[in-house]
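Coordinates in review
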Amino acid sequence: TWTKAVDTPWALTGDRHQGVQLKDGRLLIVFRDMAQKSPTWGHFVGWVGTYDELKSGRIGESYRIKLLHSYAKGDCGYPGIHLLDDGTVLVTTYIKYWNDARKQSVVSKRFKIEEVRSP
């Protein structure tokens, strides 16, 4: 059986979500941002927050990260995400990485969540 569908918080509005649970218990969910009027609309972003924030729809300490800039006006996504043993996050997606005639590329980015701070 299914429960009644509910909207996720605005910060998670997008396509093709993939996520991992970080070592501190928070979630990192990566996706293509499709939130109307968002400054990162069409780019590859991540959301960092707790399961309780996600379930309740209340945004507390959660935040978003712009991971990659897309020059294709929204044509990016189908991400993969992996948490390595040392806490490094590896994300991979296709994206128009260059602002020229080149087409989309498959791009990976590695970072530690401690290196990325909330605004």
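First, a word on scope: everything that follows refers to the structure included in this document. Being a predicted model, the structure only gives us computed values, none of them experimental.

The subject of this paragraph is the side chain of H43. The topology assignment puts H43 in the loop between strand 2 (27–33) and strand 3 (44–49). Since its relative accessible area comes to 9%, H43 is described here as buried. Dropping the residues within four chain positions of it, H43 is found in contact with F31, R32, D33, K66, L68, H69, S70 and C76.

Let us look at the sheet that holds strand 7 (residues 105–112). As summarised here, the arrangement of the three strands in space is 5-6-7, forming an open sheet in which the pairing is antiparallel. In the strand order of this sheet, the two ends are held by strand 5 (77–83) and strand 7, each with one partner. Put simply, the sheet's adjacent strands are angled 15° from each other on average, direction ignored. Summarising the sheet, strand 6 (residues 88–95) and strand 7 pair through eight bridges and their orientation is antiparallel. Bridging from a neighbouring strand, Y94 pairs with V106 of strand 7.

Criteria and cut-off values
- Residues numbered from 1 in each chain as written.
- Predicted model: local features only at pLDDT ≥ 70, side-chain atom pairs only at ≥ 80, totals over all residues.
- Heavy atoms only, no water.
- Helix = DSSP H or I, 4+ residues; strand = E, 2+ residues; numbered from the N terminus.
- Buried < 20%, exposed > 50% of the residue type's maximum accessible area, 1.4 Å probe, protein only.
- Contact = heavy atoms within 4.5 Å.
- Pairing = 2+ DSSP bridges.
- Axes fitted to C-alpha atoms, helices over the stretch in contact; angles between N-to-C directions.

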